[in-house]
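# Architecture and fold: a report
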Amino acid sequence: DAKTTQPPSMDCAEGRAANLPCNHSTISGNEYVYWYRQIHSQGPQYIIHGLKNNETNEMASLIITEDRKSSTLILPHATLRDTAVYYCIVRVDRNGGYQKVTFGTGTKLQVIP
Amino acid sequence: EPEVTQTPSHQVTQMGQEVILRCVPISNHLYFYWYRQILGQKVEFLVSFYNNEISEKSEIFDDQFSVERPDGSNFTLKIRSTKLEDSAMYFCASGGQTYNEQFFGPGTRLTVL
């Protein structure tokens, strides 16, 4: 699985969009970009994933650059409950539903009132 | 909404004792996982389980660890003789055949004294 680079921490004002960047310059053609988050002392939570097209769901949007070497997770209207560590993970989808997750250190997002 | 549950939420044990951590995955899921997170560190993969056998395990998952799915609903992690360094949050996760995301439980905090 390709390596990812994320800033260790970011702040965002409540109600504003939080844009979390991720670099994955060694990504290969069959690797997906996944985002998870971990609110303090809770289990990680899946947010969104994509291959090359931009994706949106009820939680967030994922913007992947055309060369796929970087991506941005957007939380459109951050709330205090979005304070968490956000993990960008790149991996191949293999073996049907088998989905071991390898976590890095992520970005600690602090939403400020 | 279906969720992964874990019991107990906190387990305190003496070094050398056996512990069993319990998980109830989401009912129609086929893939089951255990992860751990030592305080202040990354979430680390321990083991995955599919079709009643271990499909992958990490270096951490040595002979002191075992997993079992004793019935149709529970998934357990046993540590035979706990060490101080086993103190951590242990997360269970499950995934289905067609889902790309993995669902994590709330975790069991294991404290070894």
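Higher on the page you've got the structure.
Predicted model only: the values in this text are computed from it and were never measured.

Summing up its helical and strand segments, chain A has 0 helices and 9 strands in all. The order of α-helices and β-strands along chain A, N terminus first, is β-β-β-β-β-β-β-β-β. Taken against the 2.2 N^0.38 rule, which gives 13 Å for 113 residues, the C-alpha radius of gyration of chain A at 13 Å falls within 12% of a compact globule. If you line up chain A on its principal axes, its C-alpha atoms span 40 × 30 × 25 Å. For chain A, the residues scored as buried account for 44% of the 113 residues in total. Of the contacts formed within chain A by residues at least 6 apart in sequence, a portion of 58% connects residues at least 24 apart. With 11 positive and 10 negative side-chain charges, chain A shows a spacing of 5 Å between the two charge centroids.

At the junction of the two partners, chain B supplies 22 residues and chain A supplies 22 residues. In total, about 1,700 Å² of surface goes out of reach between chain B and chain A, with carbon and sulfur atoms giving 52% of it. Run the count over chain B and chain A and you get 1 salt bridge. Taking the shortest distance from any N to any O, the salt bridge between E56(B) and K100(A) comes out at 2.8 Å. Joining chain B to chain A, the criterion identifies 4 residue pairs in polar contact (both at pLDDT 80 or more). Mapped onto the side of chain B that touches chain A, the elements with two or more residues apiece are β4 (31–37), β5 (43–50), β6 (53–57) and β9 (88–95) of chain B. A per-element tally of the side of chain B that touches chain A places β4(B) first, with 4 residues. For the side of chain B that touches chain A, a count of residues per class yields 10 nonpolar, 8 polar and 4 charged.

For the structure shown, the criterion picks out 16 aromatic pairs over all chains. Here Y36(A) and F104(B) contribute two aromatic rings whose centre-to-centre distance is 6.1 Å and whose plane-to-plane angle is 85°, an arrangement assigned as edge-to-face. Residue Y36(A) is found in strand β3 (residues 31–38), and its partner F104(B) is found in strand β10 (residues 103–104); the two belong to separate chains. For the pair Y36(A) and F104(B), a shared accessibility class is recorded, and that class is buried. When the centroid spacing of 5.4 Å and the interplanar angle of 40° are considered together, the rings of F49(B) and F75(B) count as tilted. On the criterion of sequence distance, the pair formed by F49(B) in strand β5 and F75(B) in strand β8 (residues 75–79) is long-range, its members being 26 residues apart.

Okay, the state of the cysteines next. All names here are of chain A. Enumeration according to the criterion identifies 2 disulfides over all chains in this entry. Disulfide pairing places C22 opposite C88 at an S-S distance of 2.1 Å. Looking along the S-S bond of the C22-C88 disulfide, the torsion reads about -80°, which is the left-handed sense. One end of the pair, C22, is in strand β2 (residues 18–23); the other, C88, is in strand β8 (residues 84–92), and 66 residues separate them in sequence. Of the two residues examined, C22 and C88, each falls in the buried class. Looking at C12, it has no disulfide partner, and the nearest cysteine sulfur is the one in C22, 18 Å off.

Moving on: the pattern of salt bridges. Residues and elements named next belong to chain A. What the rule picks out here adds up to 3 salt bridges over all chains. A salt bridge links R37 to D82, with the shortest nitrogen-to-oxygen separation between them at 2.8 Å. Placement of R37 in strand β3 and of D82 in the loop between β7 (70–75) and β8 is noted, with a sequence separation of 45 residues between them. Accessibility assignment for this pair places R37 and D82 in one class, buried.

Here is what the cut-offs are and how they apply
- All residue numbers here refer to positions counted from 1 along the written sequence of the relevant chain.
- Each chain gets a letter, beginning with A, and each ligand a number, beginning with 1, in the order they are written.
- Per-residue local features are limited, in this predicted model, to residues with pLDDT of at least 70; the limit for side-chain atom pairs, both in listing and counting, is 80 or more; totals at the level of whole chains, interfaces and linings are taken over all residues.
- Think of the side-chain values as coming from all heavy atoms in the structure, minus any hydrogens and water.
- Strands here are runs of E lasting at least two residues and helices are runs of H or I lasting at least four, both read from the DSSP assignment and numbered beginning at the N terminus.
- Restricting the calculation to C-alpha atoms gives the radius of gyration, and the globule rule supplies 2.2 Å times the number of residues raised to the power 0.38.
- Throughout, exposure labels follow a simple rule: accessible area from a 1.4 Å probe, protein chains only, divided by the maximum for the residue type, with under 20% read as buried, over 50% as exposed, and the rest as partly exposed.
- Any two residues whose heavy atoms approach within 4.5 Å at even a single point are treated as in contact.
- Only four residue types enter the tally: Lys and Arg on the positive side, Asp and Glu on the negative side; His and the chain ends are excluded.
- Here the site of a charge means NZ on Lys, CZ on Arg, CG on Asp, or CD on Glu.
- By buried area we mean the combined loss of accessible area, with a 1.4 Å probe, across both parts when two parts are placed together.
- Think of a salt bridge as a Lys or Arg side-chain nitrogen and an Asp or Glu carboxyl oxygen that are within 4 Å of each other.
- Polar contact is the term for a pair of N or O atoms within 3.5 Å; when the atoms are in protein, one must be able to donate a hydrogen and the other to accept it, and sequence-neighboring residues count only if both atoms are side-chain atoms.
- Note on residue categories: nonpolar means Ala, Val, Leu, Ile, Met, Phe, Trp, Tyr, Cys or Pro, charged means Asp, Glu, Lys or Arg, and polar means any other residue, Gly included.
- Aromatic pairing here means that ring centres of Phe, Tyr or Trp (its six-membered ring) are within 6.5 Å. Orientation follows from the plane angle: under 30 degrees is stacked, over 60 is edge-to-face, and everything else is tilted.
- Any pair of cysteine sulfurs within 2.5 Å is marked as a disulfide.

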